[in-house]
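Here's the letter readout for the chains.
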Amino acid sequence: MTQNTTPSAEKPQWYSRGGAPVAAERVHSIDLPKGTARYSFTPVCGRCGGRGGSEAWSHTGWTCYQCGGTGKGEPRTEPVYTEERLAKLVAAQEKRRATAKAKAEAAEAERRAAEHAVWQTWCAEQSEVIAEMRALAAGSEFLADLVSRIDAVHILTERQIEAARGVIEKAHARAEARVRELRSEWIGEIGQRREFTITVKRIIDLSEPDVFPPIWKYLHICEDDCGNRIIYIGAGSAVPGEGQSATVKATVKKHTVRDDVKQTVIARPTPVRAKA
């Protein structure tokens with residue numbers, strides 16, 4: 001038989017804390033002025049769901065060990081409330097939640113403000129290197145990543161700052177080298193044999209040892225004291241090793257331009273011995 005839970009004037013409807021209506025005949029310890037009471041009930045077993053057992057447990061016995069096959073849980077008693085009282089409880093809970101949320105938001109805003117103040121101080125201290133990073137970010141993924149971190153209000157570590165300075169120094173060195181390269185001028189007249197004081201900046205191996213007979217040649221990229229680029233392709237011993245300087249006598253083979261840099265290509269270099 002279905003139980004009638006419709007409230008009357010003398011018997012109000014009772015609700016659980018979650019707002020579900022409960023059967024009035026199971027309500028006791030009623031305090032109408034406060035709008036509270038107690039509700040006693042026996043829930044279904046939480047393990048078998050009220051079935052008392054399961055085929056899944058047939059190897060150890062079909063019966064549920066938690067309820068002993070009754071399908072019922074332990075009897076429980078919980079507080080219940082009238083609609084008016086429950087509404088007050090819900091309103092009080094919402095107010096507490098709103099207050100707690102406001103406090104949390106205020107604390108978070110204060111924390112963020114403190115972090116932002118520290119970040120601003122750090123940015124002021126590192127203003128020069130940050131400006132350099134921003135200026136060079138387009139040509140460096142590493143610097144671009146660091147700049148994005150800074151813009152996201154992150155403070156870089158000392159190692160990151162030192163690494164950034166290293167990248168910046170190399171970029172300036174490349175830029176200075178490029179300016180120096182563009183100042184390079186052709187030397188002498190084609191076919192002229194003359195002396196050159198050179199410093200070898202780089203040697204590139206162009207040898208072909210697998211052909212017969214083997215070909216041994218090297219591209220020597222050199223500069224004179226004025227920064228003019230001098231190129232020698234060959235294996236002559238008169239040209240020194242990388243990073244070394246020497247004075248040689250060579251023939252101006254041709255004048256070329258590579259990457260907007262004027263180059264003087266020389267041939268048949270011979271060492272110039274110091275005069276006694």
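Scroll up a little and you will see the structure.
Residues numbered from 1 in each chain as written. Predicted model: local features only at pLDDT ≥ 70, side-chain atom pairs only at ≥ 80, totals over all residues. Heavy atoms only, no water.

*Asks:* Would you take a moment to explain the sheet that holds strand β1 (residues 14-15) for this structure?
*Replies:* Pairing between the strands of a sheet comes from backbone hydrogen bonds, and it takes one of two forms, parallel or antiparallel. With antiparallel pairing, the four strands of this open sheet are ordered in space as β1-β4-β3-β2. A single partner strand is all that each edge strand has here, and the edge strands are β1 and β2 (27-31). Relative to strand β3 (residues 36-41), β2 runs antiparallel, the two being bridged by three bridges. In the sheet register, Asp 31 faces β3, and the bridge partner there is Thr 36. Packed onto the sheet, helix α1 (residues 83-125) meets β1, β3 and β4 (76-82) and runs at close to 95° relative to β4. (Pairing = 2+ DSSP bridges. Helix = DSSP H or I, 4+ residues; strand = E, 2+ residues; numbered from the N terminus. Contact = heavy atoms within 4.5 Å. Axes fitted to C-alpha atoms, helices over the stretch in contact; angles between N-to-C directions.)

*Asks:* Can you help me understand the sheet that holds strand β9 (residues 261-271) in this one?
*Replies:* Taken together, five strands build a closed barrel; the order of strands is β5-β6-β7-β9-β8 and the barrel is mixed. Between one strand axis and the next, the sheet turns through 50° on average, direction left out of account. Summarising the sheet, strand β7 (residues 229-234) and β9 pair through four bridges and their orientation is parallel. Among the inter-strand pairings, Ile 230 is bridged to a residue of β9, identified as Thr 264.

*Asks:* Any chance you could explain the side chain of Asp 224 here in plain terms?
*Replies:* Within the fold, Asp 224 resides in the loop between β6 (218-223) and β7. In this structure, Asp 224 is buried with no salt-bridge partner, the nearest side chain bearing the opposite charge being Arg 194 at 6.7 Å. (Buried < 20%, exposed > 50% of the residue type's maximum accessible area, 1.4 Å probe, protein only. Lys, Arg positive; Asp, Glu negative; His and termini not counted. Salt bridge = Lys/Arg side-chain N within 4 Å of Asp/Glu carboxyl O.)

*Asks:* Hey, could you run me through the packing of aromatic side chains in this one?
*Replies:* Each aromatic ring pair is characterised by the separation of its centres together with the angle its planes make. Inspection of the entire model under this criterion finds one aromatic pair. Measuring from centroid to centroid gives 5.1 Å for Tyr 39 and Phe 41, while their planes differ by 20°, and the two rings are stacked. For the pair Tyr 39 and Phe 41, one class covers both residues: buried. The ring of Trp 57 carries the charged tip of Arg 47 above its face, separated from the ring centre by 4.0 Å. The positively charged end of Lys 262 is found above the aromatic ring belonging to Trp 186, 4.8 Å away from the centroid. (Phe/Tyr/Trp six-rings, centres within 6.5 Å; stacked < 30°, edge-to-face > 60°. Lys NZ or Arg CZ within 6 Å of the ring centre and 35° of its normal.)

*Asks:* Please explain helix α2 (residues 127-136) as it appears in this structure.
*Replies:* Think of an α-helix as 3.6 residues a turn; residues three or four steps apart then line up on the same face. The complete set of buried residues in α2 reads Val 129, Ile 130 and Met 133. Taken down its axis, α2 places every buried residue within 100° of arc, on the same side. Facing away from the buried side of α2 by more than 90 degrees, the exposed set consists of Glu 128 and Ala 135. Buried residues along α2 sit against α1, α3 (141-151) and α4 (158-182). (Arc of directions from axis to C-beta.)

*Asks:* Mind showing me how you'd approach the pattern of salt bridges here?
*Replies:* When the charged atoms of two side chains with opposite charge come close together, those side chains can pair. Under the counting rule described, the total for this entry stands at 14 salt bridges. We note a salt bridge from Arg 111 to Glu 115, for which the minimum N-O separation is 2.5 Å. Residue Arg 111 and its partner Glu 115 are both found in helix α1; the two are separated by four residues, about one turn of the helix. The class of Arg 111 is partly exposed, set by a relative accessible area of 37%. Of the charged contacts, one joins Glu 181 and Arg 229 as a salt bridge, the two residues approaching to 3.0 Å between their closest N and O atoms.

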